[in-house]
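Residue-level structural notes
Each chain, written out:
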Amino acid sequence: MNTHILGIRHHGPGSARNVRDFLENLKPDLILVEGPPDADNILQWITHEELKPPVAILLYQSDDPQQSVFYPFAEFSPEWQAILYAKRNNIHVRFMDLPAAHSFALRKEEIEKAKAAQQEQEDSATEEPTHESEITLEGEAANEPATGEISPIVYRDPIRYLAEAAGYSDGEKWWETFFEHRHNNEAIFEAVAEAMQSLRDNLPEREDRHEMLREAYMRKSIRQAEKEMFSEVAVICGAWHVPALKNMPKQKEDNDLLKGLPKVKVESTWVPWTYSRLSYFSGYGAGIGSPGWYHHVWNYPGDDGTRWMAGIAKLFREQNIDTSVAHVIDAVRLANALASMRGMPKAGLEELNEATRSVLCMGEDILLQLIQDELIVSNRIGKVPEDIPKPPLQLDIEKHQKKLRLPATADFKDYQLDLRKDTDLDRSIFLNRLLLLGIHWGTKLSSASKGTFKEGWRLQWDPAYSVDIIEKGSWGNSVEEATTQYVLKQARASDSLQVLTGLMEMAIWAELPGVIDVIISGIGNMAASSGDVLQLMEVLPQLVNVGRYGNVRKTDTSVVLHIAYSMITRICIALPPACTGVNDEAAEQLVILIDKMNDAIKLLQDNATQQEWQTALNTIASNEAATAIISGYATRLLYDHRQLTGDELADKFTFALSVGNTHSTIASWLEGFLKGSGTILLLDEALWGMVATWVSSIDQPTFDILLPLLRRTFANFSNTERRKLGEKVKSGSAGTGATYAITRHDNFNHEKAKRGLLVITKLLGVKLGSA
């Protein structure tokens, strides 16, 4: 048997072309490809007209779908071209790497061992922990050890050693220059084998059990081909493995190494992939930095840069950036001149980028990012046939995508949905159900419309969602069934009112009536037994919002409002005691909750509930033990509700800000009273008059002490509000409240009040000059 081992670079267009040419000349009767044998049964689909790369083989453990792995292929992947050649010419083709069934089982064992070791380390507190040095192939070079110290061996990309010897700082650039640009040269595979043999002879031996198992299984596959009497066998593998497959040890050594490996059940299928996921930036270990550029190189091998530059010009024109034909010509000439100066056969991506920056981008780098995203990486997404074996849930999702005209795209696409339209309502229901399932294909955007019938969504497909879909398929065969069962499980396991309320709101958006009834019952029981008033206040606005607007989706939410009303009663009873003895941080949080609670009660528009809430606010405002900022805000809300006016309001204001209170108490009470009231101060003369009169009545030493404390209150106002307040001070307007205060004090000092108005400018932090 003649065995031809072709060392390649994964996803290299030059390697792919050389492999295809070699196979056409050799015409082997068997092709072995580095890949998982578990997927041999789906290789028949590779010639299907609807299977268009980039695509990936997805392997997953049947009873644990999160235990999964992708094997991506692009049109310019050597493995893809080898398999395609074999299928089109009726040649036997197999994968020969270690099966995923063993890899998954081994990974599980390693995880369990690591957990056991960590537990043992925690249990033995008296023992000194030991650390095994990590050895990685793609790490950076180790630092030189200090004298007398032993440094652990840290492996890096072996290609970098050859690149540095040739004067290159980047191993990828070196490989591309010396191997990817060489065509119709059979000796190239011999050169690759010789280079890799030299590296493996001189580099320290790696103690990587998984790699040893992989190479042993590859050798086992080659021996099996020999037993089956194939005459010409082509082996396609990563360049690093070539020496291990050429120089085979004894068969017994490999058999002993592979003996007794654990195994799990594995399923396989094809899924669409994207160029962005194929790039280094996605975190895929065997990825490449420029899949869009390699796609161009594969399809236009003779391009001298003109077609590439024309694509950049087209992209710029779509962005309304003027680009002429002369720009393109000059850029191509410059790129080829750079390649010639550097001794390269043709301009590469680096030369084209430098020419683009100089000529088309006028020396600026900002436009290069656009080229990087749209052309160098690209947003291309693959396609798989509809009739390919898929889990039932994935089939149902694809059916909805087609019916609702929501295609899966690699680039994001925004949708504005009008829920009054049947199609848009069905889209919203579908996307919300996927969110509840944990499949975040769609992200909600804030809608420009203030109505509840508008929704904004941004959709962007990620191939990794395929794993999530397979995992969630255990909950049901359809989106509705799987979502219902999955949310019910979450609801029954939750002991948090916030979680249940959030699930209920999303279940209403997703139109899951069976789920809504269970969640509402859970919320009612939990709210009845909860003694935490803060937790009740946190969820109440959400409940009220659902109760008021849930009917947009034709959902009966009367039970939700019933729960909300009962919670309001409990909150109104428990809130006043909770407002005493509160520290500053907790008090500010409580003020926020009271503000949201107040808005929710106004939204209900129920007179009995309003009176109940106002009684609770009055209790807080009248309680001398209540925290100052909360008491001040409660007083303001009573004023907004027109429950405090005239003498009663003036008395509370004067008492809270009297000299008998500490300066910090005065400042905190006023901060609560004026919370968010910049515009109200401008429009409400009575409120403005009280504040202005109080400020003017403060003596200078007291004012100097209060100023830093009060500045925080007025600093929360917008710049416009502060400027207009300053102008109001400058105009001398004191408001009706000031007039009222003057009539109440017979010894009122008018001259001192006049001077005091100027002091307010300091309080506001504005500079207005003399009044």
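Structure: above.
What this report covers is the structure whose coordinates are included nearby. Residue numbers run consecutively from 1 along every chain, following the written order of its sequence. Residue-level local features of this predicted model are given only where pLDDT is at least 70; pairs of side-chain atoms are given and counted only at 80 or more, and the full residue set underlies all totals for whole chains, interfaces and linings. To obtain the side-chain values, all non-hydrogen atoms of the structure were included, while hydrogens and water were left out.

1. Here we look at the packing of helix H24 (residues 584–604) against helix H26 (residues 628–640)
The condition that has to hold: Note on geometry: axes are C-alpha line fits, over the in-contact stretch for helices, and angles between N-to-C directions span 0 to 180 degrees. Put simply, DSSP H or I for four residues or longer makes a helix, DSSP E for two residues or longer makes a strand, and each gets a number counted from the N terminus. These descriptions rest on fixed angle ranges, namely under 35 degrees for roughly parallel, over 145 for roughly antiparallel, 65 to 115 for roughly perpendicular, and the rest for oblique. Crossing handedness follows the turn of the near helix against the far one: under a right angle anticlockwise gives a left-handed crossing, and clockwise gives a right-handed one. The contact rule is simple, with two residues in contact once any of their heavy atoms fall within 4.5 Å.
At their nearest, the axes of H24 and H26 sit 9 Å apart, and the two run at 20° to each other. One way to sum up the angle between H24 and H26 is to call them roughly parallel. Crossing angle aside, the handedness with which H24 passes H26 is right-handed. From H24, Ala-587, Glu-588, Leu-590, Val-591, Ile-594, Asp-595 and Asn-598 reach across to H26, where they touch Ile-629, Ile-630, Tyr-633 and Leu-637.

2. Concerning the nonpolar core
Operational definition: Side-chain atoms within 4.5 Å are what join buried Ala, Val, Leu, Ile, Met, Phe, Trp, Tyr and Cys residues into a set we call a nonpolar core. Partly exposed residues are those whose accessible area sits between 20% and 50% of the maximum for their type, while under 20% is buried and over 50% is exposed, using a 1.4 Å probe and protein chains only.
If you look at the biggest cluster of nonpolar residues, it comprises 78 residues, and the most contacted ones within it are Met-504, Ile-519, Met-537, Leu-575, Ile-594, Ile-630 and Phe-653. Setting aside residues up to four positions removed in sequence, Ile-519 forms contacts with Val-487, Ala-491, Leu-500, Leu-503, Met-504 and Ala-507. Within the second largest apolar cluster, 49 residues are counted, among which are Phe-22, Ile-236, Ala-239 and Val-384.

3. Details of the packing of aromatic side chains
As a reminder of what qualifies: Each pair of aromatic rings taken from Phe, Tyr and Trp, with Trp reduced to its six-membered ring, is defined by centres within 6.5 Å and is described as stacked if the planes are under 30 degrees apart, edge-to-face if over 60, and tilted in the remaining cases. The criterion for a charge sitting over a ring is simple: Lys NZ or Arg CZ within 6 Å of the ring centre, and within 35 degrees of the ring normal.
As enumerated under the stated definition, the model contains 12 aromatic pairs in all. Between Phe-22 and Phe-189, the aromatic rings sit 5.7 Å apart at their centres with planes inclined by 80°, giving edge-to-face as the arrangement. You can see Phe-22 sitting in helix H1 (residues 13–26) and its partner Phe-189 sitting in helix H6 (residues 187–202), a full 167 residues away along the chain. The same class applies to Phe-22 as to Phe-189, namely buried. Consider the rings of Trp-293 and Trp-308, whose centres lie 5.0 Å apart with planes at 85°: the pair is edge-to-face. Note that Trp-293 is positioned in helix H11 (residues 291–299) and Trp-308 in helix H12 (residues 306–318), a separation of 15 residues in sequence. Under the relative-accessibility criterion, Trp-308 is labelled buried at 5%. In textbook terms, an aromatic cluster arises when at least three aromatic residues are bridged by ring pairs, as seen for Phe-430, Trp-441, Trp-461 and Tyr-465. Arg-307 extends its terminal NZ or CZ atom over the ring of Tyr-300, reaching a point 4.1 Å from the ring centre. Positioned above the aromatic ring of Tyr-639 is the side chain of Arg-642, whose terminal nitrogen or guanidinium carbon lies 5.6 Å from the ring centre.

4. Re the sheet that holds strand S10 (residues 454–459)
For clarity, the cut-off: Two strands qualify as a pair provided that DSSP identifies no fewer than 2 bridges between them.
Reading across the sheet, the 3 strands line up as S8-S10-S9 and stay open at both edges, with antiparallel pairing between neighbours. The open sheet terminates on both sides in strands that have one partner only, identified here as strand S8 (413–418) and strand S9 (442–445). Shown here is a sheet whose adjacent strand axes are inclined to one another by a mean of 30°, direction ignored. Bridge count between S9 and S10: 4 bridges; the pairing is antiparallel. Considered in S10, the bridge of Leu-445 is made with Gly-456.

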